[in-house]
Amino acid sequence: MNCKYHTQAKAQWFCHDCDTSFCINCCDMAEREIAPRCLLCRNHLNSLGVSDKVTPFWNKLSYFNKYPWQKGATGFLMLYMAIAFAVGLINDFISFWILNRLLVFAVLSIGIGYVFKVLITTAKGKFDAPSYDEAIIFDSEGMMGKVIGLFVMLTLIGYFVILPMGVAAIQIYLALVSFSMPAILIILAMEKHVFAAINPARIATCIKAIGWPYLLLFGFSYLIDNGLGFAMSEIHFWLPQAIAYPMLFGAGAYFYIVKFNMFGYVAYQYHNELGYGIDFENLLSSEGEDAPIKRLFSKSDVYIQEGRYEDAESVLYELAQDKRHTVKALERLVRLNIARQNPAGALKAAKNYFDYPELGTIPAEALRLYEDMVGFEPRFKPMNAKARAILVKQMRHKRYADEVKKLCSIPDSMKQDMNLPSLMLARARFESDVMNSDDRALKILDVLLQRYPNGAHQREAEQLRQVCHSMRHKLPSV
Ligand SMILES: [Zn+2]
Ligand SMILES: [Zn+2]
(Lines give C-alpha, C1' and ligand atoms only; values in the text may rest on other atoms or scores of the structure.)
(Ligands and ions follow the chains in the order given, each with its own letter.)
Protein backbone atom coordinates (compact mmCIF):
# COMPACT_ATOMS: atom_id res chain seq x y z
CA MET A 1 0.00 0.00 0.00
CA ASN A 2 1.23 3.49 -0.80
CA CYS A 3 0.64 6.89 0.70
CA LYS A 4 -2.59 8.42 -0.47
CA TYR A 5 -0.90 11.77 -1.01
CA HIS A 6 2.53 10.67 -2.16
CA THR A 7 1.70 7.81 -4.43
CA GLN A 8 5.37 6.97 -4.93
CA ALA A 9 6.01 6.47 -1.22
CA LYS A 10 5.30 3.36 0.78
CA ALA A 11 2.57 3.78 3.36
CA GLN A 12 3.78 3.69 6.92
CA TRP A 13 0.87 4.93 8.99
CA PHE A 14 -2.80 4.24 8.97
CA CYS A 15 -5.67 6.26 10.38
CA HIS A 16 -8.70 4.17 11.26
CA ASP A 17 -10.97 7.17 11.55
CA CYS A 18 -10.11 8.58 8.14
CA ASP A 19 -9.50 5.15 6.62
CA THR A 20 -6.37 6.59 5.03
CA SER A 21 -2.78 5.46 4.75
CA PHE A 22 0.12 7.86 4.95
CA CYS A 23 3.83 7.72 4.19
CA ILE A 24 6.49 8.16 6.84
CA ASN A 25 6.51 11.96 6.60
CA CYS A 26 2.77 12.41 6.44
CA CYS A 27 2.14 12.83 10.13
CA ASP A 28 2.49 15.21 13.01
CA MET A 29 5.08 14.04 15.43
CA ALA A 30 5.54 15.54 18.83
CA GLU A 31 7.85 14.46 21.56
CA ARG A 32 6.30 12.60 24.45
CA GLU A 33 3.45 11.32 22.34
CA ILE A 34 2.80 7.61 22.13
CA ALA A 35 2.26 7.78 18.38
CA PRO A 36 2.22 10.35 15.58
CA ARG A 37 -1.03 12.09 14.85
CA CYS A 38 -3.21 12.09 11.77
CA LEU A 39 -2.95 15.35 9.82
CA LEU A 40 -6.63 15.28 9.00
CA CYS A 41 -8.37 14.31 12.23
CA ARG A 42 -5.59 14.64 14.83
CA ASN A 43 -6.10 11.11 16.19
CA HIS A 44 -3.17 8.83 16.81
CA LEU A 45 -1.98 6.86 13.83
CA ASN A 46 -1.30 3.16 13.71
CA SER A 47 1.92 1.80 12.38
CA LEU A 48 1.77 -0.50 9.38
CA GLY A 49 5.31 -1.75 9.73
CA VAL A 50 5.69 -4.76 11.99
CA SER A 51 9.01 -5.13 13.71
CA ASP A 52 9.68 -8.72 14.54
CA LYS A 53 13.40 -8.32 14.31
CA VAL A 54 13.61 -7.13 17.90
CA THR A 55 15.45 -9.42 20.32
CA PRO A 56 12.88 -10.71 22.86
CA PHE A 57 13.25 -9.25 26.33
CA TRP A 58 13.99 -12.58 28.02
CA ASN A 59 17.21 -12.72 26.00
CA LYS A 60 18.21 -9.26 27.15
CA LEU A 61 18.52 -9.81 30.91
CA SER A 62 22.22 -9.07 31.01
CA TYR A 63 21.54 -5.85 29.15
CA PHE A 64 18.97 -4.78 31.76
CA ASN A 65 21.49 -5.50 34.50
CA LYS A 66 24.13 -3.40 32.82
CA TYR A 67 21.82 -0.47 32.20
CA PRO A 68 22.34 1.23 35.61
CA TRP A 69 26.09 1.22 34.86
CA GLN A 70 25.71 3.42 31.84
CA LYS A 71 27.04 6.94 32.25
CA GLY A 72 23.68 8.68 32.48
CA ALA A 73 22.32 6.21 35.01
CA THR A 74 25.45 6.08 37.18
CA GLY A 75 25.54 9.85 37.27
CA PHE A 76 21.96 9.86 38.40
CA LEU A 77 22.57 7.19 41.06
CA MET A 78 25.52 9.06 42.56
CA LEU A 79 23.58 12.28 42.73
CA TYR A 80 20.56 10.49 44.07
CA MET A 81 22.54 8.86 46.87
CA ALA A 82 24.11 12.19 47.73
CA ILE A 83 20.65 13.73 48.05
CA ALA A 84 19.48 10.76 50.13
CA PHE A 85 22.50 11.18 52.37
CA ALA A 86 21.73 14.86 52.94
CA VAL A 87 18.10 14.07 53.67
CA GLY A 88 19.16 11.28 56.04
CA LEU A 89 21.41 13.69 57.92
CA ILE A 90 18.64 16.23 58.29
CA ASN A 91 16.22 13.58 59.44
CA ASP A 92 18.73 12.24 61.98
CA PHE A 93 19.20 15.63 63.56
CA ILE A 94 15.84 17.29 63.17
CA SER A 95 13.18 14.92 64.23
CA PHE A 96 9.98 16.52 63.09
CA TRP A 97 7.74 14.06 61.36
CA ILE A 98 6.12 16.34 58.76
CA LEU A 99 9.49 17.60 57.61
CA ASN A 100 10.92 14.08 57.66
CA ARG A 101 8.08 12.69 55.55
CA LEU A 102 8.19 15.58 53.10
CA LEU A 103 11.89 15.12 52.52
CA VAL A 104 11.49 11.40 51.96
CA PHE A 105 8.65 12.19 49.60
CA ALA A 106 10.89 14.56 47.65
CA VAL A 107 13.61 11.94 47.33
CA LEU A 108 11.07 9.38 46.17
CA SER A 109 9.61 11.66 43.56
CA ILE A 110 13.04 12.36 42.07
CA GLY A 111 13.56 8.61 41.77
CA ILE A 112 10.14 8.02 40.27
CA GLY A 113 10.65 10.77 37.72
CA TYR A 114 13.89 9.17 36.65
CA VAL A 115 12.71 5.56 36.35
CA PHE A 116 9.69 6.57 34.27
CA LYS A 117 11.99 8.52 32.01
CA VAL A 118 14.03 5.32 31.66
CA LEU A 119 10.89 3.39 30.72
CA ILE A 120 9.77 5.89 28.11
CA THR A 121 13.16 6.39 26.50
CA THR A 122 13.66 2.65 26.21
CA ALA A 123 10.16 2.21 24.82
CA LYS A 124 11.14 4.61 22.04
CA GLY A 125 14.05 2.37 21.11
CA LYS A 126 16.72 4.62 22.61
CA PHE A 127 18.97 2.40 24.67
CA ASP A 128 21.21 5.04 26.22
CA ALA A 129 20.36 5.83 29.81
CA PRO A 130 18.97 9.35 30.14
CA SER A 131 20.95 11.87 32.16
CA TYR A 132 19.66 13.41 35.34
CA ASP A 133 18.85 16.69 33.58
CA GLU A 134 16.63 14.98 31.04
CA ALA A 135 14.75 13.29 33.86
CA ILE A 136 14.21 16.58 35.68
CA ILE A 137 12.71 18.16 32.59
CA PHE A 138 10.61 15.06 32.13
CA ASP A 139 9.02 15.18 35.56
CA SER A 140 7.31 18.41 34.62
CA GLU A 141 4.63 15.97 33.54
CA GLY A 142 4.18 15.08 37.19
CA MET A 143 4.80 11.35 37.11
CA MET A 144 4.99 11.38 40.90
CA GLY A 145 1.49 12.79 41.15
CA LYS A 146 0.25 10.16 38.73
CA VAL A 147 1.88 7.36 40.66
CA ILE A 148 0.26 8.63 43.86
CA GLY A 149 -3.03 8.96 42.03
CA LEU A 150 -2.67 5.39 40.84
CA PHE A 151 -2.08 3.97 44.31
CA VAL A 152 -4.79 6.10 45.86
CA MET A 153 -7.25 4.80 43.26
CA LEU A 154 -6.19 1.20 43.78
CA THR A 155 -6.53 1.57 47.54
CA LEU A 156 -9.92 3.26 47.31
CA ILE A 157 -11.23 0.54 45.02
CA GLY A 158 -9.90 -2.09 47.40
CA TYR A 159 -11.41 -0.42 50.44
CA PHE A 160 -14.83 0.57 49.17
CA VAL A 161 -15.55 -1.92 46.43
CA ILE A 162 -13.70 -5.11 47.19
CA LEU A 163 -13.48 -5.19 51.00
CA PRO A 164 -17.26 -5.37 51.53
CA MET A 165 -17.20 -8.58 49.51
CA GLY A 166 -15.08 -10.27 52.14
CA VAL A 167 -11.50 -11.08 53.00
CA ALA A 168 -11.13 -13.67 50.29
CA ALA A 169 -12.11 -11.09 47.70
CA ILE A 170 -9.49 -8.66 48.92
CA GLN A 171 -6.84 -11.35 48.69
CA ILE A 172 -7.80 -12.08 45.12
CA TYR A 173 -7.83 -8.35 44.39
CA LEU A 174 -4.34 -7.88 45.81
CA ALA A 175 -3.03 -10.84 43.85
CA LEU A 176 -4.59 -9.48 40.66
CA VAL A 177 -3.19 -6.01 41.20
CA SER A 178 0.25 -7.35 41.90
CA PHE A 179 0.05 -9.59 38.84
CA SER A 180 -1.10 -6.68 36.69
CA MET A 181 1.45 -4.21 38.05
CA PRO A 182 3.93 -4.44 35.15
CA ALA A 183 1.10 -3.85 32.67
CA ILE A 184 -0.31 -1.04 34.82
CA LEU A 185 3.03 0.73 34.99
CA ILE A 186 3.67 0.35 31.27
CA ILE A 187 0.25 1.79 30.45
CA LEU A 188 0.73 4.63 32.91
CA ALA A 189 4.10 5.50 31.43
CA MET A 190 3.01 5.32 27.81
CA GLU A 191 -0.42 6.90 28.08
CA LYS A 192 0.09 9.05 31.18
CA HIS A 193 -3.50 8.60 32.33
CA VAL A 194 -4.27 7.06 35.70
CA PHE A 195 -7.69 5.91 34.51
CA ALA A 196 -6.25 4.12 31.51
CA ALA A 197 -3.78 2.40 33.81
CA ILE A 198 -6.47 1.02 36.14
CA ASN A 199 -8.96 0.21 33.40
CA PRO A 200 -9.32 -3.60 33.60
CA ALA A 201 -10.10 -3.85 29.88
CA ARG A 202 -6.93 -1.92 28.98
CA ILE A 203 -4.84 -4.02 31.37
CA ALA A 204 -6.28 -7.21 29.90
CA THR A 205 -5.52 -6.17 26.31
CA CYS A 206 -2.02 -5.23 27.35
CA ILE A 207 -1.38 -8.61 29.01
CA LYS A 208 -2.99 -10.39 26.10
CA ALA A 209 -0.90 -8.45 23.59
CA ILE A 210 2.29 -9.58 25.30
CA GLY A 211 0.99 -13.14 25.68
CA TRP A 212 2.67 -15.87 27.72
CA PRO A 213 5.93 -13.95 28.06
CA TYR A 214 3.99 -11.69 30.41
CA LEU A 215 4.40 -14.41 33.05
CA LEU A 216 8.15 -14.07 32.68
CA LEU A 217 7.93 -10.33 32.98
CA PHE A 218 5.84 -10.66 36.10
CA GLY A 219 8.26 -13.24 37.51
CA PHE A 220 11.31 -11.04 37.01
CA SER A 221 9.56 -8.04 38.41
CA TYR A 222 8.37 -10.02 41.43
CA LEU A 223 11.87 -11.32 42.18
CA ILE A 224 13.33 -7.84 42.01
CA ASP A 225 10.68 -6.46 44.36
CA ASN A 226 11.05 -9.27 46.84
CA GLY A 227 14.81 -9.15 47.00
CA LEU A 228 14.63 -5.41 47.31
CA GLY A 229 12.01 -5.51 50.07
CA PHE A 230 14.14 -7.91 52.07
CA ALA A 231 17.31 -5.88 51.65
CA MET A 232 15.50 -2.71 52.61
CA SER A 233 14.00 -4.07 55.80
CA GLU A 234 17.44 -5.29 56.90
CA ILE A 235 19.23 -2.04 56.15
CA HIS A 236 16.56 0.12 57.61
CA PHE A 237 16.45 -1.71 60.88
CA TRP A 238 20.10 -1.55 61.75
CA LEU A 239 21.54 1.73 60.63
CA PRO A 240 21.22 5.47 61.33
CA GLN A 241 19.33 7.31 58.60
CA ALA A 242 22.29 9.22 57.19
CA ILE A 243 23.83 5.88 56.26
CA ALA A 244 20.64 3.92 55.67
CA TYR A 245 19.07 6.45 53.29
CA PRO A 246 21.76 6.48 50.61
CA MET A 247 21.89 2.68 50.74
CA LEU A 248 18.13 2.25 50.71
CA PHE A 249 17.34 4.77 48.03
CA GLY A 250 20.45 3.86 46.08
CA ALA A 251 19.57 0.17 46.04
CA GLY A 252 15.94 0.94 45.36
CA ALA A 253 16.80 3.22 42.47
CA TYR A 254 19.29 0.72 41.08
CA PHE A 255 16.81 -2.14 40.94
CA TYR A 256 13.97 0.03 39.75
CA ILE A 257 16.11 1.31 36.93
CA VAL A 258 16.70 -2.32 35.92
CA LYS A 259 13.03 -3.07 36.22
CA PHE A 260 11.74 -0.03 34.37
CA ASN A 261 14.33 -0.50 31.71
CA MET A 262 12.88 -3.98 31.23
CA PHE A 263 9.30 -2.63 31.16
CA GLY A 264 10.36 -0.06 28.62
CA TYR A 265 11.98 -2.71 26.51
CA VAL A 266 8.80 -4.77 26.63
CA ALA A 267 6.83 -1.74 25.45
CA TYR A 268 9.39 -1.40 22.66
CA GLN A 269 9.30 -5.06 21.69
CA TYR A 270 5.50 -5.19 21.65
CA HIS A 271 4.76 -1.64 20.59
CA ASN A 272 2.74 -2.78 17.64
CA GLU A 273 0.67 -5.27 19.61
CA LEU A 274 0.21 -2.75 22.38
CA GLY A 275 -1.00 -0.13 19.96
CA TYR A 276 1.86 2.28 20.60
CA GLY A 277 1.97 2.86 16.90
CA ILE A 278 5.50 4.08 16.45
CA ASP A 279 7.67 1.97 14.24
CA PHE A 280 10.72 3.04 16.10
CA GLU A 281 13.44 1.65 13.88
CA ASN A 282 12.16 3.41 10.80
CA LEU A 283 11.45 6.49 12.74
CA LEU A 284 14.90 6.80 14.17
CA SER A 285 16.76 5.96 11.00
CA SER A 286 14.82 8.56 9.05
CA GLU A 287 15.01 11.11 11.82
CA GLY A 288 17.75 13.20 10.24
CA GLU A 289 18.05 16.89 10.77
CA ASP A 290 15.72 17.55 7.89
CA ALA A 291 13.00 15.17 9.07
CA PRO A 292 10.81 17.92 10.54
CA ILE A 293 11.14 19.86 7.28
CA LYS A 294 10.17 16.86 5.20
CA ARG A 295 7.17 16.44 7.43
CA LEU A 296 6.12 20.04 6.89
CA PHE A 297 6.36 19.67 3.12
CA SER A 298 4.35 16.46 3.23
CA LYS A 299 1.84 18.14 5.45
CA SER A 300 1.35 20.94 2.94
CA ASP A 301 0.83 18.35 0.19
CA VAL A 302 -1.86 16.64 2.21
CA TYR A 303 -3.67 19.89 2.96
CA ILE A 304 -3.46 21.07 -0.63
CA GLN A 305 -4.84 17.81 -1.95
CA GLU A 306 -7.58 17.90 0.64
CA GLY A 307 -8.46 21.44 -0.38
CA ARG A 308 -7.61 22.77 3.08
CA TYR A 309 -5.80 25.79 1.68
CA GLU A 310 -5.71 27.89 4.81
CA ASP A 311 -3.98 25.06 6.67
CA ALA A 312 -1.59 24.51 3.78
CA GLU A 313 -0.78 28.17 3.66
CA SER A 314 0.06 28.43 7.33
CA VAL A 315 2.28 25.34 7.09
CA LEU A 316 4.12 26.83 4.13
CA TYR A 317 4.65 30.19 5.78
CA GLU A 318 6.00 28.28 8.76
CA LEU A 319 8.42 26.53 6.41
CA ALA A 320 9.42 29.81 4.79
CA GLN A 321 10.72 30.96 8.19
CA ASP A 322 13.62 28.57 7.76
CA LYS A 323 16.06 30.31 5.45
CA ARG A 324 17.15 27.09 3.78
CA HIS A 325 13.61 26.39 2.66
CA THR A 326 12.25 29.84 2.05
CA VAL A 327 12.33 29.56 -1.74
CA LYS A 328 10.74 26.14 -1.96
CA ALA A 329 8.02 27.12 0.46
CA LEU A 330 7.31 30.36 -1.38
CA GLU A 331 7.22 28.56 -4.70
CA ARG A 332 4.60 26.21 -3.32
CA LEU A 333 2.67 29.11 -1.92
CA VAL A 334 2.53 30.71 -5.36
CA ARG A 335 1.33 27.50 -6.98
CA LEU A 336 -1.12 26.86 -4.20
CA ASN A 337 -2.72 30.26 -4.66
CA ILE A 338 -2.78 29.85 -8.42
CA ALA A 339 -4.56 26.55 -7.91
CA ARG A 340 -7.13 28.09 -5.62
CA GLN A 341 -7.55 31.10 -7.93
CA ASN A 342 -6.49 33.58 -5.32
CA PRO A 343 -4.64 36.46 -7.06
CA ALA A 344 -3.90 38.39 -3.87
CA GLY A 345 -2.26 35.37 -2.19
CA ALA A 346 -0.37 34.46 -5.36
CA LEU A 347 0.96 37.99 -5.82
CA LYS A 348 2.07 38.24 -2.23
CA ALA A 349 3.95 34.93 -2.35
CA ALA A 350 5.41 35.68 -5.79
CA LYS A 351 6.69 39.05 -4.64
CA ASN A 352 8.46 37.39 -1.72
CA TYR A 353 9.78 34.69 -4.01
CA PHE A 354 11.32 37.08 -6.52
CA ASP A 355 12.79 39.20 -3.74
CA TYR A 356 14.74 36.20 -2.53
CA PRO A 357 18.43 37.19 -2.57
CA GLU A 358 19.68 33.80 -3.74
CA LEU A 359 17.35 33.57 -6.71
CA GLY A 360 20.36 33.47 -9.05
CA THR A 361 21.14 29.94 -7.88
CA ILE A 362 17.86 28.57 -9.24
CA PRO A 363 17.23 30.45 -12.49
CA ALA A 364 15.38 27.60 -14.22
CA GLU A 365 12.88 27.21 -11.39
CA ALA A 366 12.47 30.95 -11.21
CA LEU A 367 11.58 31.14 -14.89
CA ARG A 368 9.12 28.26 -14.63
CA LEU A 369 7.38 29.91 -11.74
CA TYR A 370 7.37 33.24 -13.54
CA GLU A 371 5.69 31.67 -16.55
CA ASP A 372 3.06 30.00 -14.41
CA MET A 373 2.47 33.23 -12.62
CA VAL A 374 2.10 35.21 -15.85
CA GLY A 375 -0.26 32.54 -17.17
CA PHE A 376 -2.43 33.21 -14.15
CA GLU A 377 -1.98 36.95 -13.77
CA PRO A 378 -0.61 38.46 -17.05
CA ARG A 379 0.24 41.80 -15.48
CA PHE A 380 2.65 40.27 -13.01
CA LYS A 381 6.29 41.41 -13.04
CA PRO A 382 8.98 41.09 -10.37
CA MET A 383 9.65 44.55 -9.00
CA ASN A 384 13.42 44.36 -8.77
CA ALA A 385 15.98 44.48 -11.55
CA LYS A 386 18.03 41.60 -10.21
CA ALA A 387 15.20 39.10 -10.51
CA ARG A 388 14.29 40.45 -13.92
CA ALA A 389 17.89 40.09 -15.09
CA ILE A 390 17.94 36.48 -13.88
CA LEU A 391 14.75 35.76 -15.80
CA VAL A 392 15.91 37.47 -18.99
CA LYS A 393 19.20 35.58 -18.86
CA GLN A 394 17.22 32.39 -18.64
CA MET A 395 14.97 33.22 -21.61
CA ARG A 396 16.91 31.65 -24.42
CA HIS A 397 14.32 31.42 -27.14
CA LYS A 398 12.71 33.78 -29.63
CA ARG A 399 9.28 33.11 -28.20
CA TYR A 400 10.32 35.12 -25.17
CA ALA A 401 10.77 38.34 -27.16
CA ASP A 402 7.61 39.94 -25.78
CA GLU A 403 8.33 38.84 -22.25
CA VAL A 404 11.82 40.30 -22.42
CA LYS A 405 10.48 43.58 -23.68
CA LYS A 406 7.93 43.62 -20.89
CA LEU A 407 10.51 42.86 -18.21
CA CYS A 408 12.83 45.55 -19.53
CA SER A 409 10.35 48.38 -19.44
CA ILE A 410 11.28 50.04 -16.21
CA PRO A 411 8.69 51.80 -14.04
CA ASP A 412 9.66 54.94 -12.12
CA SER A 413 9.79 53.07 -8.87
CA MET A 414 12.71 51.02 -10.20
CA LYS A 415 14.74 53.83 -11.75
CA GLN A 416 17.16 53.85 -8.81
CA ASP A 417 17.62 50.07 -8.77
CA MET A 418 21.35 49.39 -8.65
CA ASN A 419 20.91 46.20 -10.66
CA LEU A 420 19.55 47.96 -13.74
CA PRO A 421 22.89 47.61 -15.58
CA SER A 422 22.80 43.84 -15.28
CA LEU A 423 19.24 43.82 -16.57
CA MET A 424 20.27 45.90 -19.58
CA LEU A 425 23.23 43.67 -20.18
CA ALA A 426 20.99 40.61 -20.08
CA ARG A 427 18.70 42.25 -22.56
CA ALA A 428 21.61 43.07 -24.88
CA ARG A 429 22.70 39.44 -24.74
CA PHE A 430 19.20 38.32 -25.53
CA GLU A 431 19.00 40.58 -28.57
CA SER A 432 22.38 39.49 -29.84
CA ASP A 433 22.39 35.75 -29.00
CA VAL A 434 18.74 34.84 -29.33
CA MET A 435 17.28 37.38 -31.69
CA ASN A 436 20.48 37.75 -33.78
CA SER A 437 19.92 41.47 -33.75
CA ASP A 438 23.33 42.93 -33.07
CA ASP A 439 22.14 46.41 -33.97
CA ARG A 440 19.63 46.45 -31.21
CA ALA A 441 22.13 44.89 -28.83
CA LEU A 442 24.63 47.61 -29.68
CA LYS A 443 22.08 50.32 -29.10
CA ILE A 444 21.31 48.96 -25.66
CA LEU A 445 24.98 48.57 -24.83
CA ASP A 446 25.69 52.14 -25.85
CA VAL A 447 22.96 53.45 -23.63
CA LEU A 448 24.17 51.22 -20.83
CA LEU A 449 27.78 52.36 -21.02
CA GLN A 450 26.77 55.95 -21.39
CA ARG A 451 24.44 55.91 -18.43
CA TYR A 452 26.57 53.71 -16.17
CA PRO A 453 30.15 54.07 -17.34
CA ASN A 454 31.61 52.33 -14.28
CA GLY A 455 30.77 49.20 -12.40
CA ALA A 456 31.04 45.45 -12.41
CA HIS A 457 29.08 45.22 -15.66
CA GLN A 458 31.49 47.39 -17.58
CA ARG A 459 34.00 44.82 -18.80
CA GLU A 460 31.37 42.35 -19.87
CA ALA A 461 29.41 45.06 -21.66
CA GLU A 462 32.45 46.22 -23.59
CA GLN A 463 33.41 42.71 -24.59
CA LEU A 464 29.89 42.11 -25.80
CA ARG A 465 29.98 45.36 -27.76
CA GLN A 466 33.13 44.27 -29.53
CA VAL A 467 31.62 40.90 -30.37
CA CYS A 468 28.51 42.58 -31.71
CA HIS A 469 30.55 44.96 -33.81
CA SER A 470 32.57 42.21 -35.41
CA MET A 471 29.47 40.10 -35.98
CA ARG A 472 27.80 43.02 -37.71
CA HIS A 473 30.72 43.40 -40.08
CA LYS A 474 30.71 39.72 -40.98
CA LEU A 475 26.98 39.16 -41.16
CA PRO A 476 25.24 42.40 -41.87
CA SER A 477 21.69 42.12 -40.63
CA VAL A 478 19.11 42.19 -43.36
ZN1 LIG B 1 2.69 10.96 2.20
ZN1 LIG C 1 -7.41 10.62 10.68
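Worth saying up front: this structure is predicted, and the values here are computed from it rather than measured. Starting afresh in each chain, residues are numbered from 1 along the sequence in its written order. Labels follow written order: the first chain is A, the first ligand is 1, and so on. At least 70 in pLDDT is required for a residue's local features to be given in this predicted model, at least 80 for side-chain atom pairs to be given and counted, and no such filter applies to totals for whole chains, interfaces and linings, which use all residues.

## Description of the overall build of the chain
Part 1 of the argument: A run of H or I in DSSP becomes a helix once it reaches four residues, and a run of E becomes a strand once it reaches two; helices and strands are each numbered from the N terminus. Tallying secondary structure elements over the chain gives 22 helices and three strands in all.
Part 2 of the argument: Our radius of gyration is a C-alpha quantity, and the globule rule it is checked against amounts to 2.2 Å times the number of residues to the power 0.38. Computed over its C-alpha atoms, the radius of gyration of the chain comes to 35 Å, more than 25% above the 23 Å expected for a compact globule of 478 residues.
Part 3 of the argument: By its C-alpha atoms, the chain is 115 × 50 × 40 Å across when sized along the principal axes.
Part 4 of the argument: Counting other C-beta atoms within 10 Å of its own, a residue is labelled buried from 20 upward, exposed at 12 or fewer, and partly exposed in the gap between, with every C-beta atom placed from the backbone. The buried share of the chain, reckoned over its 478 residues, is 36%.
Part 5 of the argument: When contacts within the chain are restricted to residue pairs at least 6 apart in sequence, those whose partners lie at least 24 apart make up 62%. Note on contacts: residues are paired as contacts if their backbone-placed C-beta atoms lie within 7 Å.

## Overview of the UniProt feature "transmembrane region" (unreviewed entry) in the chain
Part 1 of the argument: Within this structure's numbering, the places UniProt gives as "transmembrane region" (unreviewed entry) are residues 76–98, 104–123, 143–162, 168–189, 201–223 and 235–257.
Part 2 of the argument: Secondary structure content for residues 143–162 is 100% helix and 0% strand, and the end C-alpha separation is 27 Å.
Part 3 of the argument: Between the C-alpha atoms that bound residues 201–223 the distance is 26 Å, and the span itself is 91% helix and 0% strand. UniProt positions are given in the numbering used here, feature names are shortened, and annotations may be inferred rather than shown by experiment.

## Focus on the sheet that holds strand β3 (residues 46–47)
Remark on secondary structure: sheet strands pair via backbone hydrogen bonds, oriented parallel or antiparallel.
Part 1 of the argument: The pairing criterion is simple: DSSP has to find at least two bridges between the two strands. On the basis of which strands lie adjacent, the open sheet formed by three strands has the order β2-β1-β3 and antiparallel pairing. Only two strands of the sheet have a single neighbouring strand rather than two, namely β2 (20–23) and β3.

## Quick word on the confidence of the model for the chain
Part 1 of the argument: For the chain, the mean per-residue pLDDT works out to 86, and 93% of the residues sit at or above 70.
Part 2 of the argument: The pLDDT score gives, residue by residue, the confidence of the prediction method on a 0 to 100 scale. Element-level pLDDT for the chain is lowest in helix α12 (residues 280–286), with a mean of 47, against a maximum mean of 95 in helix α18 (residues 385–394).

## Let's talk about the pairing of β2
Part 1 of the argument: The alternating pattern of β2 places T20 and F22 on one face and S21 and C23 on the opposite face, and all of these are buried.
Part 2 of the argument: One ladder, built from four bridges, connects strand β1 (residues 11–15) with β2; its direction is antiparallel. Paired with A11 across the bridge in β2 is C23.
Part 3 of the argument: If you look at the hairpin formed by β1 and β2, you'll find four residues sitting between the two strands, and D19 has a positive phi there, around 55 degrees.

## A word on helix α14 (residues 309–320)
Part 1 of the argument: Working rule for helices: expected span equals 1.5 Å times residues minus one. If you check α14, its first and last C-alpha atoms are 16 Å apart, about what twelve residues at 1.5 Å a residue would give, namely 16 Å.
Part 2 of the argument: Those residues of α14 that fall on the buried side of the exposure criterion are A312, E313, V315, L316, L319 and A320. Taken down its axis, α14 places every buried residue within 165 degrees of arc, on the same side. Exposed side of α14, more than 90 degrees from the buried face: E310 and S314 are the residues found there. This arc is taken over the directions from the axis of the helix to the C-beta atoms.

## Here we look at unusual backbone geometry
Part 1 of the argument: The backbone of Q341 sits at a positive phi, close to 55 degrees, despite the residue not being glycine.
Part 2 of the argument: The residue Q341 is located in the loop between α15 (326–339) and α16 (343–354) in this model.
Part 3 of the argument: C-beta crowding within 10 Å serves as the criterion here: with 9 such atoms nearby, Q341 is assigned to the exposed category.
Part 4 of the argument: Look at N436: it is not a glycine, yet its phi comes out positive at around 55 degrees.
Part 5 of the argument: Among the secondary structure elements, N436 is positioned in the loop between α20 (420–434) and α21 (438–451).
Part 6 of the argument: In this structure N436 comes out as partly exposed when scored by C-beta crowding, with 13 C-beta atoms within 10 Å.

## Side note on the nonpolar core
Part 1 of the argument: Each nonpolar core reported here comprises buried Ala, Val, Leu, Ile, Met, Phe, Trp, Tyr and Cys residues connected via C-beta atoms within 7 Å. Counting residues in hydrophobic clusters, the biggest one holds 118 residues, and the most contacted among them are I186, I257, V266, A267 and V334.
Part 2 of the argument: Ranked by residues supplied to this core, first place goes to helix α10 (residues 241–269) with 16 residues.
Part 3 of the argument: Those residues in contact with V266 that sit more than four places away from it in its chain are F57, I186, I210 and L217.

## Side note on the packing of α20 against α21
Part 1 of the argument: It is at 7 Å that the axes of α20 and α21 come closest, and there the two elements cross at 165 degrees. Taken together, the axis directions place α20 and α21 in an arrangement best described as roughly antiparallel. Note on packing geometry: the crossing formed by α20 with α21 is left-handed. In contact with P421, M424, L425, R427, A428, E431 and S432 of α20, α21 contributes D438, R440, A441, I444, L445 and L448.
Part 2 of the argument: Basically, the charged four are Asp, Glu, Lys and Arg, the nonpolar ten are Ala, Val, Leu, Ile, Met, Phe, Trp, Tyr, Cys and Pro, and anything else, Gly included, counts as polar. For the contact of α20 with α21, a count of residues per class yields eight nonpolar, one polar and four charged. Here an angle of 0 to 180 degrees is reported between the N-to-C directions of two axes, which are lines fitted to C-alpha atoms, with helices fitted over the stretch in contact. In this scheme, roughly parallel covers angles under 35 degrees and roughly antiparallel covers those over 145, while 65 to 115 is roughly perpendicular and the rest are oblique. The sense of a crossing depends on the near helix, which, turned anticlockwise from the far helix by less than a right angle, makes the crossing left-handed and, turned clockwise, makes it right-handed.

## Remarks on helix α3 (residues 97–123)
Part 1 of the argument: In this model α3 runs 38 Å from its N-terminal to its C-terminal C-alpha over 27 residues, within 8% of the 39 Å that 1.5 Å per residue would give.
Part 2 of the argument: Positive phi appears at G125, one or two residues downstream of α3, with a value of about 85 degrees.

## A few points about the environment of A35
Part 1 of the argument: When you line up the elements, A35 lands in the loop between β2 and β3.
Part 2 of the argument: For the pair formed by A35 and R459, sequence separation is 424 residues and the distance between their alpha carbons is 61 Å.

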